[in-house]
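One-letter residues, chain by chain:
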Amino acid sequence: MTNPHPAPGPGAAAETPGSTTSDGPQVPGPRRSGEPRRPTLRSDLRASWPDGLAALVITAAVFVLLYIRIRNETSSTVTVMPFMADADAFWLYFLSQAFGWSALLWAWGTVILGLLLSGPRPSRLPLSGPRLERLHRTTSLNTIALIAAHALFFGAELIRFDTAAWNSAVATAFVEVFVPGGYDSGTGRIAIPVGQAALYLAIPLGLLFYVRHRIGPKTWRVLHRCVIVVYVLSVWHTLLYGTNVWYDGWFRTGVWLLQLPIAALLLLRLLRPARRSEKLSGSPGASAGARTGWALRLGGRLAVAAVLVALVAVVASGRDGGRSVPPEDTSSTHNHD
Ligand code: HEM
């Protein structure tokens, strides 16, 4: 979830602000005084506090909303796990949920920014290229932090309710929250590993940007294109396991609706990439390798178009996997199926 326009190889030339190569726009825009030539993890971490603060404010607001809905028993989390009606006892769980929502919102935002960077950029965008790029990088860093907070507060909740000795409670919670397969019940057997995969993929596919001069910009670019998988896994995890989107209803439909701009921008990015070298040529080419590559790229574009049509169908039909009844066993956090 970081800069899709890495320098095309060592040599400062490519990093010269505003430079353009035959392959289209490179690192856009003039550097401000004092800004390092190459963005570093440290400089981006320093620059990430404004949107980080905004994310914390939104997390706090979501937490208050979830807490109030639990108190007045209008939250679907209470129908899935009625014992959670005691809002003061389970505030850590609701805080984890709140961080889950701000993580998903930030993931959505940074994917949109990334697709605007690598696809056709609207001319009247209020942000310059370098600003857009840096915002994409800082929101990515904050997304990883928000996901980690979401998982950690869930772990803290498990420890709080574990009657075993402290160290074994911590060990059990660590395994359940961070070890794929460690969470062994109900839909969680799928939903938690899906969430873990999103977290564990987000870290390398995002942070490798800061060592792209070591791994090579081409390798970085190819790896970074896969980052959309992190987003897809995050949405799937939420729709599978989120108790606030458990039932059919406007909120669940809203989460589906928010995927339409992502799919549309992704298709646009594939059809009109910012880099000319990524354009799909009119003919498959002479060699077998060229034809296979061309077919795969065409297939990718058709697949995204099909996803867009499927999303419209899901939203229009309302058949979005929402449940109509609470799970059979509503006695524990672990069994909501
Ligand atoms: C180690 C990885 C993860 C773990 C252990 C984890 C754990 C959980 C759990 C236990 C729930 C159910 C909460 C409920 O009852 O509603 C949940 C829901 C959720 N998770 Fe995750 N998750 C992980 C990764 C992610 C990621 C990567 C995202 C998004 C970027 C995310 C966003 C959400 C959201 C939005 C919900 C719905 C909460 C609600 O319905 O209120 N999670 N997660």
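Residues numbered from 1 in each chain as written. Predicted model: local features only at pLDDT ≥ 70, side-chain atom pairs only at ≥ 80, totals over all residues. Heavy atoms only, no water.

1. Examining the overall build of the chain
The line we're drawing: A run of H or I in DSSP becomes a helix once it reaches four residues, and a run of E becomes a strand once it reaches two; helices and strands are each numbered from the N terminus. For each residue, the accessible area found with a 1.4 Å probe, counting protein chains only, is set against the maximum for its type, and the residue is called buried under 20%, exposed over 50%, and partly exposed in between. Here the Shrake-Rupley method, with its probe set to 1.4 Å, supplies the accessible areas, and only the displayed protein chains count as covering residues.
Across its full length, the chain carries 13 helices and two strands. Split into buried and exposed, the 337 residues of the chain put 47% on the buried side. Carbon and sulfur atoms provide 68% of the accessible area of the chain, an area that totals close to 16,500 Å².

2. Regarding the coordination of the iron atom of the ligand
Around a metal, the perfect tetrahedron of four donors has angles of 109.5 degrees, and the perfect octahedron of six donors has angles of 90 or 180 degrees. Basically, it comes down to this: With water omitted from the atoms examined, metal sites may look incomplete; donors here are N, O and S atoms no farther than 2.8 Å from the metal, or 3.2 Å in the case of Na, K and Ca. For a four-donor site, all angles between 85 and 135 degrees give tetrahedral; for four or six donors, opposite pairs above 155 degrees with the remaining angles between 65 and 115 give square planar or octahedral; all remaining cases count as irregular.
In this structure, His 150 (NE2) and His 237 (NE2) serve as the protein donors to the iron atom of the ligand, at separations of 1.9 to 2.0 Å. Given six donor atoms and angles of 88 to 180 degrees at the metal, the environment of the iron atom of the ligand is assigned as octahedral. Remark: His 237 occurs in helix α10 (residues 228-241) and His 150 occurs in helix α5 (residues 129-160); sequence separation between them is 87 residues. In this structure His 150 comes out as partly exposed when scored by relative accessible area, which is 23%. Exposure remark for His 237: the relative accessible area of 16% places this residue in the buried category.

3. Examining the nonpolar core
Note the threshold: Residue types Ala, Val, Leu, Ile, Met, Phe, Trp, Tyr and Cys, when buried and joined through side-chain atoms within 4.5 Å, form a set referred to as a nonpolar core. The start and end points of each domain follow an automatic or database-based domain assignment.
By size, the foremost hydrophobic cluster in this structure holds 63 residues, and its most contacted members are Tyr 93, Phe 94 and Phe 154. Top element by residues in this core is helix α4 (residues 91-118). It accounts for 16 residues. Shared between two domains, this core holds at least three residues of each, these being domain 1 (1-16 + 41-246) and domain 2 (249-327). Grouped together as the second largest cluster of nonpolar side chains are eight residues, Ile 144, Ala 198, Val 227 and Leu 233 included.

4. Digging into the site of the ligand
Cut-off, in case you're wondering: Put simply, a residue is near a molecule or strand once any heavy atom of it comes within 4 Å of that molecule or strand. All residues other than Ala, Val, Leu, Ile, Met, Phe, Trp, Tyr, Cys, Pro, Asp, Glu, Lys and Arg, Gly among them, are scored as polar; the first ten of these are nonpolar and the last four charged.
Around the ligand, 25 residues are found, and the nearest of them are Tyr 93, His 150, His 237, Thr 243 and Asn 244. Elements with a contribution of two residues or more to the shell around the ligand: α4, α5, α7 (188-207) and α10. Considering each element in turn, the shell around the ligand owes the most residues, six residues, to α4. Grouping the amino acids of the shell around the ligand by side-chain chemistry returns 13 nonpolar, 12 polar and no charged.

5. Digging into the environment of Ala 85
Keep this limit in mind: The contact criterion used throughout is that any non-hydrogen atoms of two residues lie within 4.5 Å.
By secondary structure assignment, the location of Ala 85 is in the loop between α3 (76-80) and α4. Each C-alpha atom of the pair Ala 85 and Glu 73 lies 6.7 Å from the other, and the pair is 12 residues apart in sequence. Residues contacting Ala 85, with those up to four places away along its chain left out, are Ile 70, Glu 73 and Val 78.

6. A closer look at empty space enclosed by the protein
Note the threshold: A pocket, in this scheme, is an open set of points on a 1 Å grid over the protein atoms alone with protein on both sides within 12 Å along at least 5 of 7 lines, while a cavity is a set where a 1.4 Å probe fits but cannot get out; residues line either one if an atom lies within 4 Å of a point. Grid points are joined across faces, edges and corners, and a volume is the space filled by probe spheres set on the points.
In the structure shown here, the tally under the stated rule is two cavities of 30 Å³ or more. The computed volume of the largest cavity comes to approximately 600 Å³. Along the wall of the largest cavity there are 29 residues; nearest its centre are Ser 96, Gly 100, His 150, Ile 192 and His 237. With eight residues, the top contributor of residues to the lining of the largest cavity is α4. Across the lining of the largest cavity, the residue classes break down as 15 nonpolar, 14 polar and no charged.

7. So, helix α12 (residues 259-271)
The test is simple: What a helix is expected to span follows from its residue count: subtract one and scale by 1.5 Å.
Between its first and last C-alpha, α12 extends 18 Å over 13 residues, near the 18 Å set by a 1.5 Å rise per residue. Here α12 has its buried residues at Gln 259, Ile 262, Ala 263, Leu 265, Leu 266, Leu 267, Arg 269 and Leu 270. Buried-residue contacts for α12 involve α4, α9 (217-225), α10, α11 (250-257) and α13 (288-317).

8. Some points on the confidence of the model for the chain
So the rule is basically this: The quantity known as pLDDT measures the predictor's confidence residue by residue, on a range of 0 to 100.
Per-residue pLDDT for the chain averages 86, and the proportion of residues at 70 or more is 85%. Ranking the elements of the chain by mean pLDDT puts strand β2 (residues 24-25) last with 49 and helix α2 (residues 49-71) first with 97. In this model residues 1-20 is a low-confidence stretch, pLDDT under 50, and it forms 73 contacts with partners more than four residues away in sequence or in other chains. Low pLDDT, under 50, characterises residues 24-29; the stretch is placed with 29 contacts to residues that sit more than four places away or in other chains.

9. Considering the packing of α5 against helix α6 (residues 166-178)
Convention followed: Note on definitions: angles span 0 to 180 degrees between N-to-C directions of axes, and those axes are lines fitted to C-alpha atoms, for helices only across the stretch in contact. In what follows, roughly perpendicular refers to angles from 65 to 115 degrees, roughly parallel to angles under 35, roughly antiparallel to angles over 145, and oblique to any angle outside these ranges. By definition, any crossing whose near helix is turned counterclockwise from its far helix by less than a right angle is left-handed, and any crossing with a clockwise turn is right-handed.
Remark: α5 packs on α6, axes separated minimally by 9 Å, with the N-to-C direction vectors making an angle of 140 degrees. Classified by the interaxial angle, the pair formed by α5 and α6 is oblique. For the crossing formed where α5 meets α6, the hand is right-handed. Where α5 approaches α6, its residues Ala 151, Leu 152, Phe 154, Gly 155, Leu 158 and Ile 159 are matched on the opposing element by Trp 166, Ala 169, Val 170, Ala 173, Glu 176, Val 177 and Phe 178. Of the residues belonging to the contact of α5 with α6, the class tally is 11 nonpolar, one polar and one charged.

10. Re the pattern of salt bridges
Definition in use: The working definition used for a salt bridge is a side-chain nitrogen of Lys or Arg within 4 Å of a carboxyl oxygen of Asp or Glu.
Applying the stated rule across the entire model yields seven salt bridges. For Arg 275, the salt bridge goes to Glu 278, with nearest N and O atoms at 3.8 Å. Neither residue differs from the other here; Arg 275 and Glu 278 are each classed as buried. Because the salt bridges share partners, they merge into one network encompassing Arg 225, Arg 269, Arg 275 and Glu 278.

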